[in-house]
Amino acid sequence: MSQLLQDIRQSLRRMRREVAFTLAVVATLALAIGATTAVFSAVYQVLLRPLPYPAPEELVTLYQSTPQRERLGVSWLSLQAWRERSRSFQGLEGLAIRDLTLAVEGEVERVRAGRATAGLFSLLGVRPLLGQDLSAVMEGQDAASVVLLSYASWQRHFGGRPDVLGRTVLLDDQLHTVAGVLPPDFRFAPDVEVWKPLALGQGEAASGIWMRVVGRLRAGVPLEQARAEMTALGTALVREPGFTEEPAGVRLLPLHAQVAEGVRDRLWLLAGVVALVLLVACANVANLLLARATAREREVAVRAALGAGRGRLVRQFLVESGLLALAGGALGLMVAMWSLELLRALLPPQVVRPEAMRLEPHVLGIALVLSLLTSLLFGLLPALRVSRADARGALGGLRGGAGATGRGGMRVVLVVAQVALALIPLVGAGLMLRTLHALANVPLGFEPRGVTVMDLSLPASRYQDEAAQRAHFSTLLERVRGLPGVTSAGMSSTVPLWGRNGLAPVLLPGEPASMADTRELVHFRTASDGYFRTLGIPLKEGRAIETWDGTGTAPVVVVNETFARRYFPGRSAVGQRVQLMLDGEPFREVVGVVGDVRHNSLAEPPVSEAFVPMGQLWGLHMLLTVRASQESAALAPLLREQLRAVAPSLPRPTVRSLREVVDASIGDTRVLGSLLMALAALGLVLAGVGLYGVLAYSVSQRTRELGIRIALGATESRLVWSVVRQGLRLTLVGVVLGLAGAAVLARSLSSVLHGVSAFDVVTFAVVPALLGGVALLASWLPARRAARVPPHEALRADG
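None of these values were measured; they are calculated from a predicted model.

(A) Highlighting helix H21 (residues 658-665). When we look at burial in H21, the residues that qualify are Leu658, Val661 and Val662. End-on view of H21: buried residues confined to an arc of 100°, all on one side of the axis. In this structure, the buried side of H21 is in contact with strand E12 (451-457), helix H18 (531-535) and strand E23 (655-657).

Written as structure tokens, this is what we have:
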């Protein structure tokens, strides 16, 4: 034990003396361990960790589907039939989610509210933290007027007080009693704050509620068997009276797959890239340790000559490597915690709750073990080799650097591997950078600068009358138009890139109703006069929506260019008649054609759109758009003040600039690109450091040779080029090997690229050139230093 403590003290003294070396190894390990642990912890939380329900692999979600849309809500009629006739499920439960106004102790806000059938929580295996679940609530007489709170809502509105049961809240102006609180790990619908019962047989349910359905498979029933049964059942039902209007298709998805949907591929991609960076870091540490061990050959030889045993020498090397690995791991733990904070901010809460993002001990343990093994392995190998050397031979052989080439073989291989591994994330980062540049220059079809958007929602209980809705929105619009600095204002059911869509089949005069089912669905919006002018959407033909387009005038519609080309090719769309296949919708005359806009995504081409005058088709949810000279932050309080003057009891609305909406639409792509660029930059630095270390060691071994060549008349530039050529040769081999891996990464990125090919020539040319530039710098620095050593000092080297 005393000898071990002595080895530790000696190692710590050496680490203090060799500060640059110590910092290089510790920083390399810390960055690699921290980044790897954070990313793989996120991967585990989102993709690998089982859902917090009993037997989560049995849970599935079900949708009705058509050829045009893969996921539609399920009607009460279909849910009842599925429950009665399917044999693959233990149970089937439905839920519907919508926005409602919640008032608690005078505070009013818009929240997501869920309505669920009685057995939903029992099916999931979730027990309330406080109070009753839905099945018990629905046995009471006043089931329609009770709510269950989410854990977050309980904490935020009631401070987590245990006496919350029996307290009352206003939900859309209706009094409700709190009957229970759900547990904190319930993340089935993380954005839902309150839950209400939804009972079969209610008049409302039978006529129009469309649900998402959750099912639990019977024990031993595979998913494919359940899919086959539901597909056959859906096809059979539409042949029966009463089901002919129902969609025939049924789509099943594992519940876990849906939770991670949209981020699965990207997280696995990041996991692969960070694993490459960890390998680059391990190779870099190995190179540094090999170089250090080789440089200590004389020291080891002297200690061996003085009687130090081989075991003692090997143990000293292992202690030093272990201390470096432990220091790197400790610092890596802090880096991992900082990285997790970043990931909490970047990952959307519907994918994983921020509070659930934490360091996974086994992930951290794997990263630490890998780095420790790397340090010990590459500390042990040179220790064994050096300790086997004959002391007298080693002391003599250190002259002239004999055998340097052979001893550097492993280091050369590691450098080539570093360059190859570093090239892969660099190509991915280059492709994402090109994609972001392309998205930033996509023609939007509208002008977002100077436009502010306010989200408006009216409670259905208070605004059931269409005249009341119309009066509210019209009055607010006129007041806003009178504000100083406002140049135009309008209203619509949605704006480009907001994420809210209305979809409907389209029918032309003389066509059978069945024709609409063969076409893709058209995106329809409600819009007021001034909307197109406010957003800067150009009018191409005819007229825009005007103030006189109301309930007492002929039904009209404005369409976009894509709609006009698709339904009226080779002729003018103005004057034509179309019908949106909605309840009670008449044929409408097309009075104008406006320019195409990127409505769903900057990466998607424009789709067919139809704009119905707000005076002829009202809704409870509208967006106020305002073009003004003020910034959105300055305009927001003025807009909210006008809303309070019209409707004082409405919740505080969300106000955003349209530029923010556009930027948020590419937020996921920007996040992925930023993370790839950060990891690629780390890999590039590590590869450059590794190449510099190999060449610096090579030059130190050739000091005597270079001195002789200088004495014989060799020029400085020629000596420098001989070293640089060696570095570029290693880089070229690494680039060639890395291009194959880069091609695989590029192919996996193809789904998120826009405006650039997965095998973009510019990226695949610039990235190797960048690596070549780093290699050139890493080669030139030690070469220039060695070439400037005076010949007499070089000839005395190792002398």
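(B) Here's a closer look at a nonpolar patch on the surface. Residues Leu331, Leu333, Met334, Met337 and Trp338 make up a contiguous nonpolar surface patch of roughly 470 Å² in combined accessible area. Relative to the elements of secondary structure, Leu331 occurs in helix H12 (residues 310-346). Using a relative accessible area of 31% as the deciding quantity, one classes Leu331 as partly exposed.

(C) Quick look at the nonpolar core. Core analysis: the biggest nonpolar cluster contains 56 residues, and Leu672, Leu676 and Leu749 have the highest contact counts within it. Sorting the residues of this core by element identifies helix H2 (19-48), helix H10 (264-295), H12, helix H16 (409-440), helix H22 (667-701), helix H24 (716-749) and helix H25 (761-787) as the ones contributing at least two each. Looking at this core, the element that brings in the most residues is H10, giving 12 residues. Discounting chain neighbours no more than four positions away, the residues touching Leu749 are Leu269, Gly428, Leu431, Met432, Leu672 and Leu676. Residues Val495, Leu497, Val591 and Val662 belong to the second largest nonpolar core, which totals 28 residues.

(D) Main features of a positive patch on the surface. A cluster of like positive charges, contributed by Arg9, Arg13, Arg16 and Arg17, occupies part of the molecular surface. Locating Arg16 in the fold gives a position in helix H1 (residues 2-17). The exposed category is assigned to Arg16, whose relative accessible area is 57%.

(E) Representation of the packing of aromatic side chains in the model. With the rule as written, the count across this model stands at nine aromatic pairs. With 5.5 Å between their ring centres and 65° between their planes, Tyr531 and Phe532 make a pair best called edge-to-face. Since its relative accessible area comes to 1%, Tyr531 is described here as buried. Among the aromatic residues, those joined into a ring-pair cluster are Phe121, Phe186 and Trp195. The ring of Trp498 has Arg656 sitting right over it, with the charged end atom 5.7 Å from the ring centre.

What counts and how
Residues numbered from 1 in each chain as written. Predicted model: local features only at pLDDT ≥ 70, side-chain atom pairs only at ≥ 80, totals over all residues. Heavy atoms only, no water. Buried < 20%, exposed > 50% of the residue type's maximum accessible area, 1.4 Å probe, protein only. Helix = DSSP H or I, 4+ residues; strand = E, 2+ residues; numbered from the N terminus. Arc of directions from axis to C-beta. Contact = heavy atoms within 4.5 Å. Patch = residues over 30% accessible without salt bridge, like charges linked within 9 Å, V, L, I, M, F, W, Y side chains within 5 Å. Areas by Shrake-Rupley, 256 points an atom, 1.4 Å probe, with all protein chains shown as cover. Salt bridge = Lys/Arg side-chain N within 4 Å of Asp/Glu carboxyl O. Core = buried A, V, L, I, M, F, W, Y, C linked by side-chain atoms within 4.5 Å. Lys, Arg positive; Asp, Glu negative; His and termini not counted. Charge placed at Lys NZ, Arg CZ, Asp CG, Glu CD. Phe/Tyr/Trp six-rings, centres within 6.5 Å; stacked < 30°, edge-to-face > 60°. Lys NZ or Arg CZ within 6 Å of the ring centre and 35° of its normal.

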